[in-house]
Amino acid sequence: MDRLGSELAARVARLESSRLRDRTIVVAVAVLALATAQAPAPKVTDTAVPIVVRDASGTTATLTSKGLTVRDAAGRTRTFAGVDADGRPSVDLGDASGQLRESMYLLNDLPVLRQFDKTGKRRAEIRLDKTEDGELLINDASEKLRLALFRTTAGDPQLGLYGSDEKLRAYFSTDDASPYLVMRDNAGTTRVYAGGYKDGTIGIDIRNAANTVLWRAP
Amino acid sequence: MTDAQLAARVDRLERASRRERVLALGVLVLALATAQAPAPLSSPRVVRDAAGGSTTLSASGIVVRAGTTVRTAVGFDKDRNPSIDLTDSTGALRESMYLLADRPVLRLFDRAGKRRAEMFLASDTENGEFVIRDAADVTRLAAFVGSKGLPELALYGTDGSARAYASTDDDSPYLVMKDAAGASRVVIGGYTSGTMGMDVRDAAGTALFSKP
């Protein structure tokens with residue numbers, strides 16, 4: 001081989017070597033790009049794209065146009081704050097099984113805070129009623145009302161105790177003239193009355209099941 | 001093919017090779033500059049205002065701060081309970097709605113951090129309770145359904161002992177008033193015998209007055 005031939009052979013050898021290296025680099029870069037490429041990050045003002053923040057445990061917080069949802073690693077909703085599926089402003093807390101246990105929301109624009117048992121029954125709540133008077137309600141496991149603190153339709157404050165049949169057994173209330181305590185039997189008959197009577201007097205009486213007064217004072 | 005032609009072809013190859021290398025390096029730089037971790041972990045997002053307020057969205061929820069003081073937190077609390085917490089300007093927790101070991105609780109705290117009012121479901125029966133406490137964290141009033149399933153309103157002394165309670169079973173309601181020693185002094189309503197009436201007793205529990 002002459003001098004030119006030797007020189008060309010060396011250049012070709014370098015070329016072959018460098019092309020092989022370059023091809024390897026290009027393939028590696030292509031693989032890297034395909035493996036890691038992501039769409040451009042959405043702008044914060046883009047309401048169409050939820051913002052999701054995730055930690056190493058798998059817990060996520062998702063911010064959408066409807067509000068904030070925090071889910072545990074199992075994907076169960078544990079906290080929600082925003083506008084719920086029925087369009088109501090709402091704050092909801094769910095237990096580890098995903099069951100809704102506590103909710104504060106506006107029901108037909110009336111504020112309610114409800115606490116639910118494991119089976120989803122309403123057991124305690126504080127709310128404003130239709131007349132926008134405040135009330136506290138406690139229900140049993142059958143979701144029957146057993147205790148209530150509220151204002152009557154006449155506007156008087158009242159404590160009511162109810163049987164398992166949800167019928168009123170006792171109530172303690174007052175109007176501007178005088179307070180009164182009423183105790184009833186399971187038939188709904190008043191058996192004890194203490195406090196102000198409608199005639200303006202104040203006293204106490206005990207009655208039998210036929211509503212006949214057995215004793216009265218004064 | 002002459003040596004000159006061969007040399008020209010090798011020249012072209014070398015130029016093409018240099019061009020491709022520059023291109024490959026450019027792509028590599030671009031890939032390294034724009035590559036993101038494929039893992040789904042993501043950093044908290046923070047929104048700040050000129051007054052020093054900020055809202056931080058993390059995987060645990062949202063924390064709103066005035067300066068460095070947390071005022072509102074929504075999501076998982078430090079004990080991993082789902083929670084909504086409201087704190088005052090000193091950073092003291094004043095109102096919290098949360099699930100304590102999956103049990104719903106709403107608590108209102110005073111400035112000293114004492115529970116002063118709360119509504120919750122009991123840990124054993126899941127019965128609802130509403131409780132008002134004094135500054136010493138002693139229960140003074142409670143409205144609840146008890147362990148026997150009976151609704152009850154109870155009033156307590158500063159020692160936490162019940163002084164009066166009104167309740168009902170399905171047969172009849174009853175009201176009991178006790179003295180400081182815990183003795184019933186006034187009973188009105190249904191007795192365990194099935195009758196209804198009232199009596200007033202002395203400290204030893206002896207009826208002084210009974211009707212009917």
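Since this is a predicted model, take the numbers as computed values, not measurements.

Caption draft 1: Region of interest: the overall build of chain B. In terms of regular secondary structure, chain B is built from 1 helix and 16 strands. For 212 residues, the compact-globule estimate of 2.2 N^0.38 gives 17 Å, and chain B exceeds it by more than 25% at 36 Å. Viewed in the frame of its principal axes, chain B has a C-alpha envelope of about 135 × 40 × 20 Å. Pairs at least 24 residues apart make up 2% of the contacts formed inside chain B by residues separated by at least 6 positions.

Caption draft 2: Spatial organisation of the overall build of chain A. Along chain A, the regular secondary structure elements total 1 helix and 16 strands. In chain A, which comprises 218 residues, the proportion classed as buried is 22%. Across chain A, every contact between residues at least 6 apart in sequence was considered, and the portion connecting residues at least 24 apart equals 2%.

Caption draft 3: View of the environment of Val 83 of chain A. All names here are of chain A. Mapped onto the elements of the fold, Val 83 is located in strand E4 (residues 77-83). A tally of 16 C-beta atoms within 10 Å means that Val 83 is categorised as partly exposed. In sequence terms Val 83 and Leu 68 are 15 residues apart; their C-alpha atoms lie 9.2 Å from each other.

Caption draft 4: Geometry of the interface of chain B and chain A. Between chain B and chain A, the residue contacts involve 64 residues of the former and 71 residues of the latter. Among the elements that line the side of chain B that touches chain A, the one with the most residues is helix H1 (residues 3-34) of chain B, at 13 residues. Residue composition of the side of chain B that touches chain A, by class: 39 nonpolar, 15 polar and 10 charged.

Caption draft 5: Focus on the confidence of the model for chain B. The share of residues in chain B with pLDDT of 70 or more is 95%, and the mean pLDDT across the chain is 91. Interface confidence in the predicted complex, given as ipTM, is 0.77; pTM for the same model is 0.78.

Caption draft 6: Region of the structure containing the nonpolar core. Core analysis: the biggest nonpolar cluster contains 48 residues, and Ile 138 and Leu 147 of chain A together with Tyr 98, Ala 143 and Ala 166 of chain B have the highest contact counts within it. The contact partners of Leu 147 of chain A, leaving out residues within four places of it in the chain, are Ile 138, Leu 161 and Tyr 162 of chain A together with Ala 143, Val 145 and Pro 151 of chain B.

Caption draft 7: Looking closely at the pairing of strand E6 (residues 93-100) of chain B. Residue and element names in this part refer to chain B. As defined by bridge partners, strand E5 (residues 82-87) adjoins E6 across 5 bridges and the pair is classed as antiparallel. By the bridge assignment for E6, Leu 86 is matched with Glu 95. What sits between the antiparallel neighbours E5 and E6 is a turn of 5 residues, in which Gly 91 has the positive phi angle 95°. Between E6 and the antiparallel strand that follows it, strand E7 (residues 103-109), lie 2 residues; Ala 101 among them carries a positive phi value of about 50°.

Caption draft 8: Unusual backbone geometry, seen in detail. For the peptide bond that leads from Ala 217 of chain A to Pro 218 of chain A, omega is -5°, which places it in the cis range. Along the chain, Pro 218 of chain A falls in the segment after strand E16 (213-217). In this model, Lys 211 of chain B is joined to Pro 212 of chain B through a cis peptide bond whose omega is 0°. Of note, Pro 212 of chain B is situated in the segment after strand E16 (207-211). With a phi close to 65°, Glu 143 of chain A is a non-glycine residue in the positive phi region. Taking the C-beta count within 10 Å as the criterion, Glu 143 of chain A has 14 such neighbours and is therefore assigned partly exposed. With a phi close to 65°, Glu 126 of chain B is a non-glycine residue in the positive phi region. Mapped onto the elements of the fold, Glu 126 of chain B is located in the loop between strand E8 (115-121) and strand E9 (128-133). According to the C-beta neighbour criterion, Glu 126 of chain B is buried, with 22 such atoms within 10 Å.

Each value, and the rule that gives it
Residues numbered from 1 in each chain as written. Chains lettered and ligands numbered in written order. Predicted model: local features only at pLDDT ≥ 70, side-chain atom pairs only at ≥ 80, totals over all residues. Helix = DSSP H or I, 4+ residues; strand = E, 2+ residues; numbered from the N terminus. Rg over C-alpha atoms; globule rule 2.2 N^0.38 Å. Contact = placed C-beta atoms within 7 Å. Buried ≥ 20, exposed ≤ 12 C-beta atoms within 10 Å, placed from the backbone. Nonpolar A, V, L, I, M, F, W, Y, C, P; charged D, E, K, R; others polar. pLDDT = per-residue confidence, 0-100. Core = buried A, V, L, I, M, F, W, Y, C linked by C-beta atoms within 7 Å. Pairing = 2+ DSSP bridges.

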